[in-house]
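Residue strings, one per chain:
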Amino acid sequence: MIHSLFLVSNSGDIFLEKHWKSVISRSVCDYFFEAKEKAGDPENVAPVLQTPHHYLISIYRDKLFFVSVTQTEVPPLFVIEFLHRVADTFQDYFGECSESVIKDNTVTVYELLEEMLDNGFPLATESNVLKEMIRPPTILRSVVNTLTGGSNVGGTLPTGQLSNVPWRRVGVKYTNNEAYFDVIEEIDAILDKSGTTVFAEIQGVIEACVKLSGMPDLTLSFMNPRLLDDVSFHPCVRFKRWESERVLSFIPPDGNFRLLSYHVSSQNLVAIPVYVKQNISFLETGSCGRLDITIGPKQTMGKMVESLMVTIPMPKSVLNVNLIATQGTYTFDLSTKVLLWDIGKLNPQKLPNLRGSLSVQPGAPKPEENPSINIDLKIQQLAISGLKVSRLDMYGEKYKPFKGVKYVTKAGKFQVRT
Amino acid sequence: MSTGALYNDQPGGAEAAVEAGQETTPTSSGTGAAFGLFSSDFKKNEDLKEMLESNKESLKLEAMKRIVQLISKGKKSSDLFPAVVKNVASKNIELKKLVYVYLVRYAEEQQDLALLSISTFQRALKDPNQFIRASALRVLSSIRVPIIVPIMMLAIKEAASDLSPYVRKTSAHAIQKLYSLDADQKEHLIEVIEKLLKDKSTLVAGSVVMAFEEVCPDRIDLIHKNYRKLCNLLVDVEEWGQVVIINMLTRYARTQFTSPWKEDAVFDDNEKAFYDSDSEEKQGQKEAKPYIMDPDHRLLLRNTKPLLQSRNTAVVMAVAQLYWHLAPKHEVSIVTKSLVRLLRSHREVQYVVLENIATMSIQRKGMFEPYMKSFYVRSTDATHIKTLKLEILTNLANEANISTILREFQTYVKSQDKAFAAATIQAIGRCATNISEVTDTCLNGLVLLLSNRDETVVAESVVVIKKLLQTQPTQHSDIIKHMAKLFDNITVPMARASILWLMGEYCERVPKIAPDVLRKMAKSFTSEEDIVKLQTVNLAAKLYLTNSKQTKLLTQYILNLGKYDQNYDIRDRTRFIRQLIVPNEKSGTLNKYARRILLASKPAPVLESAFKDRDRFQLGTLSHSLNVKAAGYQELSDWPAVAPDPSVRNVEVIEPVREWAPSVGKAKQPKSDDKFYSDDEEKEEEGSGSGSEDSSSSSSGSSSSSEESGSESEEESSEESGKTSSDSGKSSSGSEASSSESEPEQKKKKRTKKATQRKSKQSAADSDSDENGSGPVGKTSSSSAESSSESDSEEDSDVDSPPPPSPPQKKTVAKTKPKVEVKTKKEVSLLDLDDFSPAPPSAPKSSVFSSSLLSDLEGLSLSNVSSAMQVTTPSFGPVKTYELLHHMTGKGFSAKYHFPRQPCLYQPSMVAVQVILTNSSDHSLEEIHIGDRSPASLNIHCFNTVERLEPGASVTVSMGIDFSDSTQAANFQLCTKEDQFSVSIQPAVGELLMPSTMTEPDFCNEQKKLMGMNETSASITMATANTSKQNISKQVLSVANVGVVSSGQNDLQRFAGRTVSSGALVLVTLELREASTALLTINTEKSVMASMLLRDLKQALSQS
């Protein structure tokens, strides 16, 4: 399956290699660099490439390329999913997944990779199983280890590996037993020029942070489970119970995990929280254009819209912008031509406005299409689909846990065409 | 560098040290600092060697860490091998692990030295700690030294029978390693694989199947005995193993089962076909039987379905491809939603999924059409994602949605990403050729694009227009003229060439312009691109033939220029053309045909999807992604014409049952079946006891329950096969048997649905009030009994669509059902009925009974739960039956329908409709089915064809209709073998709703959102009988299928529902005023529905 893995930085430097079968020369990456060169933008590199003797399957995450090499037929998604799992694990262990952090922790990374794959086939990918074998580095522990010669590596088989609940280890103990659930919804939408919705859907996830002792068996039920159009579960969720009763019944992993992701597609249900009044125009002759954007609340259910941010990738011919924002600050990146307007909270009384002129490269033709406007926002204490958790019950343990549910709505891929 | 300094080093510091030592070392970029290489590398490694040989563990560890860092950078450190290998037996587990890493990396280079470590591993293989045994085996098998092959073989064999499943899993991995090291061991390894395949641990399953795939993928005979086990274990296998197993089983199934896609068997007929064959089998006729799905085939489909909900995208894709390659066509669409969900995942996942959808959407537009908007392009998408989405949108285009798609394309054409804009133009071209209605629109649009400022857009448009004109050149001389005008401004060679070709091809339509163009080309010939030159020569030749008077000289001039061109192609072409068209003594007969050769009418190009031929590869594979056969790709075989012997999969039945099912569940299951059927009358108490126990065990058993049900069916099948043969003699005629069988089937479905609904209601009542306890026993028992029936038929309800899981099981049901029904009517004893003796009339009776039972029960539940109803949601009004086909018009064939008010099984957006077909004529009716429908786009889930309806008999069938939230009637034809009757179902507005659960505050919130335009209200005067709260809700519920919202206020009553098709919220509020007047308010986005609903409610409430 997966033969080798190369970690490549954005600048094209191979800074880590790992082989699970015999060694493959890193020159195989030249084919990848060639493709990267051709694609221009790192986002545009095709994830699956063919070379004379190998196949390269790569992902691009956090400005890093994870390039894996295989020699035989393998489902590409298998590899892609695994690579993302590797990146997730790094994130989980080191707090971020970047070149410098991986370089700093090469040994841990190597130990992790060694455990995650055997002969190219995934062996242990559950975070809690890995953490039992290789403890995440902390400053305190590394100091202690250097003094005592202790190690970060466990010597026994993690209990999770053998049980039928591999995601949970036995003997978890907390003094404060708590379970938090964050219902996070993202609105994906395309609005057209006039503000009508071309396409809208809600993607939601429930992120859980469960710190409960023992082997608790939880049941989470919703007020309105029918809202959920399509769902995917953490392996811990009992599918049959969901099928028959529409409740989530599960023995939770210890710590943070994604319990559920769901999808609400019915367009009528999707409330669009803000409207955008925009006017971007380029003059036919002369080298300038005008921009005027106002944002106002639309369907916010009485909640405050926060962290409002507008991103506009300008046409390449725009040289500079000269704008005035009534609220927040704007920046224009001269190399990427991205106009970023950070607004912050949306005040319904005084709508934020950004207006001014754009200077266009003299002689360049008028841009064919106006740039689209990408919007980022956040609304606390609101799940825009109306999903509500009705209750959380715990069985199997005696203590009373502290429970909490939080709702957040964000803009996902929220785009206004102009 | 002093060791002392290192001692306190933290990893970061250590790295700095390494970095310092490396400064002069040439890495991949290094050009010649040979000196540096020797000096510093040598020195540094000396240093490490010293550390490794010291006595301090921590120093050794530090050294190993630095060595691992070297390895990770791809730098050489093999000279340290002797020093490192000494530490292989270290007590420090981390040190040991790092040594392992090193060993595995360099053993191949230092084979002799590597042998030093072997004895350590051999010892470790006997360690009591399973973890150590496993890692020893892992490393031992990773050391790629041919000499130790026998040792490895031995170790693998031993580990394969280890007590710890983890070690066995490792041995499965080791098999693959050994195989790649020494392929001669294949035979021995297959033995081990065979043994491990029998392993029952979920941990091992994935790995051993992986080994199977790598070592002996063609030995499917090894799978037979393990097939059912693998299917049943699948849910519990870890996710990576699932992918491998599913892929392997897909291949397996394609060799072992017959195709479910027979052209003659339309899907709705599936079930019927199935019954037919069943009865045929009984009579011992084996030849010419329609398709029956092998129960094992069904088992696979059923057990993989839940995995569509996996968080692992690879698993979802694997299941999707399994359904695509194995499921009956009408079942494939259940994967759509999950695939669309994956589109939200990472960019790379999107890419692969879109590729697969592109292939799927060519063959099955319908699957993805409802999700068309999910494929709309965002300007932020990566280019390859955009092109794939475009591809899919083009594939999905049809008459109905083309206008939407074209509007969307218009946006794309303006995109700043010019490559994408060009791809869009090609897509428009494809839409135009595929859908003749829009060809003109598209053509006009493309002509407009010709004046676009961007060169690539114009060029692409020209090329596409050329192709379009070719398909229907008759009326487009205007466009050709227009393009001729543009010719001077277009510089892209491909576009110029296309225009020239068009001119030549249709020169007779533009007789004035073509020679002029040629004149211009003659002037600029030398400076044109080759492709333009070739077309100029072509144009000249064609004009010479059609209009030689004007163009003779020009042609000769151009031919002369071409003769001395630098490009040999052009010289060649010129020579050829000259010989062909200019008559001289040598040219002979060819000359006569020049006109026919050059001006032959050319077939229009077919604009095809680039994904047209991808379906030769299995979906989800690397080969499919690359569109090239990858190394090691296993071809998916065609379905066999005749299925190989299915009995090879039979295992000694009892064994797996013992293994997987808790003995309680197994023993109970058959017993509770009996109880269920009889308790309706007598054994209510006991029935409820065992029934509820049973249902709880089956529902809470979660993962294990699936195993249970699987193995049960196996068991049942073997049991039943005996009975079947004895029954066959007694059944009087095949057709009779089939009709009486298919009927209970319908009923069973109904029952299942009812049971589900009932159960949910009851659980709601349980949790919300304790009135349940005081409720009549009858209610409790019947519902719990029914829930036990639900667990029986779980397999059926799992799969949304009707086809049965396995023939023998169906038979059980079919046999037992009539038992009950007739008993209630006639009080005949059970034994009499066992042999299937009831005369044909029993069938109609039973169905009549069933519907009356249904309404009885519903009435019962209404009165029983009426107080509880205020707090729960589901609503049960009395069922109103409407006439669908009067027996006078239907020549004795009549049909009635009612809305059972349950969520439709087939699609959530459909309204469930039950139709009672009655035959009051004097001859039997055959093949009752649904024919044409209007509007054609009407989405109906037809009922299965009723094969035969005896005189006086009636049958209840259920169907689903998507009314799209309008009360527009659904017109369709009800056909029998001889006749067709046009009928229509017009739903009352209230039937287009489904109840929605919400709390009062939610309700108020939602209501606030639906103010203004979305609110309709009227004050009404109610009939005096209706003023009580119960009566009001009863009346409202009879009109509309809404849910009651519990309310604190006495004078306010609230009901909530959603429209079935679009899911829009419908909120009904009734505010009681004095003197039996009330204010009725309806809040919904669907204002038309609101006013209709208002009218209906008003009417219902004002009459008693």
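All figures in this text were calculated on a predicted structure; none of them were measured in a lab.

K.L.:
Hey, could you go over the overall build of chain B for me, with residue numbers and the actual values?
P.N.:
The helix and strand inventory of chain B stands at 48 helices and 15 strands. For chain B, restricting intrachain contacts to residue pairs at least 6 apart in sequence, the fraction spanning at least 24 positions comes to 67%. Accessible area of chain B: about 44,600 Å², with a carbon and sulfur share of 52%.

K.L.:
Account for the packing of aromatic side chains, naming residues and giving values.
P.N.:
Per the stated rule, a full pass over the model turns up 28 aromatic pairs over all chains. An angle of 55° between the planes, with centres 5.3 Å apart, marks the rings of tyrosine 100 of chain B and phenylalanine 121 of chain B as tilted. Here phenylalanine 121 of chain B lies in helix H7 (residues 111-124) and tyrosine 100 of chain B lies in helix H6 (residues 93-106), a separation of 21 residues in the sequence. Taking relative accessible area as the criterion, tyrosine 100 of chain B reaches 8% and is therefore assigned buried. Look at phenylalanine 121 of chain B and you get buried, because its relative accessible area is 0%. Ring centres of phenylalanine 409 of chain B and tyrosine 412 of chain B lie 6.0 Å apart, and the angle between their planes is 45°; this geometry places the pair in the tilted category. Taken together, the residues span about one helical turn, with phenylalanine 409 of chain B and tyrosine 412 of chain B both in helix H23 (residues 402-413) at a distance of 3 residues. Here phenylalanine 409 of chain B and tyrosine 412 of chain B have matching classes, each one buried. Taken together, the aromatic side chains of Phe32, Phe33, Tyr60 and Phe65 of chain A make up a single cluster linked through ring pairs. The aromatic ring of tryptophan 501 of chain B is capped on one face by lysine 466 of chain B, whose charged end is 5.1 Å from the ring centroid. The ring of phenylalanine 487 of chain B is capped by arginine 496 of chain B, whose NZ or CZ atom sits 4.3 Å from the centre of that ring.

K.L.:
For the pattern of salt bridges, give the residues involved together with the corresponding values.
P.N.:
What the rule picks out here adds up to 55 salt bridges over all chains. In this structure, aspartate 230 of chain A engages arginine 341 of chain B in a salt bridge whose closest nitrogen and oxygen atoms are separated by 3.2 Å. Of the two residues, aspartate 230 of chain A sits in strand S11 (residues 230-233) while arginine 341 of chain B sits in helix H19 (residues 336-342), which places them in two different chains. There is no split in this pair, since aspartate 230 of chain A and arginine 341 of chain B are both buried. One salt bridge in this structure joins arginine 241 of chain A and glutamate 245 of chain A, with 3.0 Å as the shortest N-O distance. You can see arginine 241 of chain A and its partner glutamate 245 of chain A sitting in helix H8 (residues 239-245), 4 residues apart, about one turn around the helix. It is possible to trace a salt-bridge network through shared partners that takes in Lys18, Glu114, Glu115 and Asp118 of chain A together with Lys97, Arg138 and Lys177 of chain B.

K.L.:
Explain the environment of alanine 1090 of chain B to me, using residue names and the numbers behind them.
P.N.:
All names here are of chain B. Relative to the helices and strands, alanine 1090 is located in helix H48 (residues 1087-1102). Look at alanine 1090 and you get buried, because its relative accessible area is 1%. Between the C-alpha atoms of alanine 1090 and glycine 990, which are 100 residues apart in sequence, the distance is 9.9 Å. If we skip the residues at most four places from it in the chain, alanine 1090 touches Thr1016, Ile1082 and Thr1084.

K.L.:
Any chance you could break down the environment of glycine 1012 of chain B for me, citing the residues and the numbers?
P.N.:
Relative to the helices and strands, glycine 1012 of chain B is located in the loop between helix H46 (1000-1009) and strand S11 (1015-1021). Distance in space between the C-alpha atoms of glycine 1012 of chain B and asparagine 1083 of chain B is 8.9 Å, their sequence separation being 71 residues.

K.L.:
Can you tell me about the pairing of strand S12 (residues 247-250) of chain A, naming the residues and giving the values?
P.N.:
All names here are of chain A. What you see with S12 is no split at all: Val247 and Ser249 on one side and Leu248 and Phe250 on the other are buried throughout. As paired elements, strand S10 (residues 217-222) and S12 share 4 bridges and run antiparallel to each other. Within the sheet, the bridge partner assigned to threonine 219 lies in S12 and is serine 249.

K.L.:
Requested: an account of a nonpolar patch on the surface, with residues and values cited.
P.N.:
Among the surface-exposed residues, Leu590, Tyr593 and Ile597 of chain B lie close enough to one another that they form a single nonpolar patch of about 280 Å² accessible area. For isoleucine 597 of chain B, a relative accessible area of 42% puts it in the partly exposed group.

K.L.:
If you had to explain the sheet that holds strand S1 (residues 881-885) of chain B to someone new, which residues and values would you point to?
P.N.:
All names here are of chain B. If you trace the 5 strands from one edge of the open sheet to the other, you get S1-S2-S3-S7-S5, paired in antiparallel fashion. Edge positions in the sheet fall to S1 and strand S5 (939-941), since each of these pairs with one other strand and no more. Taking the axes of each pair of neighbouring strands and ignoring which way they run, one obtains an average angle of 30° across the sheet. In this structure, S5 lies alongside strand S7 (residues 954-962), joined through 3 bridges in antiparallel fashion.

K.L.:
So what about empty space enclosed by the protein? Which residues, and what values?
P.N.:
Scanning the model with the defined rule gives 19 cavities of 30 Å³ or more in all. By volume, the second largest cavity amounts to about 310 Å³. Around the second largest cavity sit 25 residues that line it, and His19, Trp20 and Lys21 of chain A together with Val104 and Ser142 of chain B are the ones nearest its centre. For the lining of the second largest cavity, the secondary-structure elements that each account for two or more residues are strand S2 (14-19), helix H4 (106-116) and strand S6 (117-118) of chain A together with H6, helix H8 (130-142) and helix H10 (165-181) of chain B. Of all the elements, H8 of chain B adds the most residues to the lining of the second largest cavity, at 4 residues. Grouping the constituent residues of the lining of the second largest cavity by class yields 11 nonpolar, 5 polar and 9 charged.

K.L.:
Now, about the interface of chain A and chain B: what can you tell me, with residues and values included?
P.N.:
The interface is formed by 114 residues belonging to chain A together with 114 residues belonging to chain B. When the two sides are added together, the surface that chain A and chain B hide from each other amounts to roughly 10,100 Å², 54% of it contributed by carbon and sulfur. Broken down residue by residue, the surface that chain A buries against chain B is led by Glu73, Leu77 and Lys240 of chain A, which jointly contribute 7%. At the junction of chain A and chain B, the tally comes to 12 salt bridges. One salt bridge in this structure joins glutamate 239 of chain B and arginine 85 of chain A, with 2.7 Å as the shortest N-O distance.

K.L.:
Describe in detail the pairing of strand S8 (residues 178-191) of chain A, supporting the description with residues and values.
P.N.:
Residue and element names in this part refer to chain A. Counting buried residues in S8 gives 10 out of 14 residues, a clear majority hidden from the surface. Alignment of S8 against strand S9 (residues 197-211), held across 14 bridges, turns out to be antiparallel. Counterpart to glutamate 185 in the pairing with S9 is glycine 204. In this structure, the hairpin formed by S8 and S9 is closed by a connection of 5 residues, where glycine 195 is found at a positive phi of approximately 95°. In the sheet, S8 pairs with strand S23 (residues 402-416) via 13 bridges, with the strands oriented parallel. Following the sheet pairing, glutamate 178 is matched in S23 by phenylalanine 402.

K.L.:
Would you mind going over the nonpolar core in detail, with residue names and values included?
P.N.:
The biggest cluster of nonpolar side chains holds 255 residues, and the ones touching the most others in it are Phe66, Phe78 and Phe90 of chain A together with Leu339 and Phe409 of chain B. Mapped onto the domain boundaries, this core takes at least three residues apiece from domain 1 (2-148) and domain 2 (178-270 + 384-416) of chain A. Core analysis: the second largest hydrophobic core is formed by 74 residues, Leu218, Leu227, Phe239 and Val318 of chain A among them.

About the thresholds
Residues numbered from 1 in each chain as written. Chains lettered and ligands numbered in written order. Predicted model: local features only at pLDDT ≥ 70, side-chain atom pairs only at ≥ 80, totals over all residues. Heavy atoms only, no water. Helix = DSSP H or I, 4+ residues; strand = E, 2+ residues; numbered from the N terminus. Contact = heavy atoms within 4.5 Å. Areas by Shrake-Rupley, 256 points an atom, 1.4 Å probe, with all protein chains shown as cover. Phe/Tyr/Trp six-rings, centres within 6.5 Å; stacked < 30°, edge-to-face > 60°. Buried < 20%, exposed > 50% of the residue type's maximum accessible area, 1.4 Å probe, protein only. Lys NZ or Arg CZ within 6 Å of the ring centre and 35° of its normal. Salt bridge = Lys/Arg side-chain N within 4 Å of Asp/Glu carboxyl O. Pairing = 2+ DSSP bridges. Patch = residues over 30% accessible without salt bridge, like charges linked within 9 Å, V, L, I, M, F, W, Y side chains within 5 Å. Axes fitted to C-alpha atoms, helices over the stretch in contact; angles between N-to-C directions. 1 Å grid on protein atoms, 1.4 Å probe; cavity = no way out; pocket = protein on both sides within 12 Å on 5 of 7 lines; lining within 4 Å. Points joined across faces, edges and corners; volume = space filled by probe spheres on them. Nonpolar A, V, L, I, M, F, W, Y, C, P; charged D, E, K, R; others polar. Buried area = accessible area lost by both parts, 1.4 Å probe. Core = buried A, V, L, I, M, F, W, Y, C linked by side-chain atoms within 4.5 Å. Domains from an automatic or database assignment.

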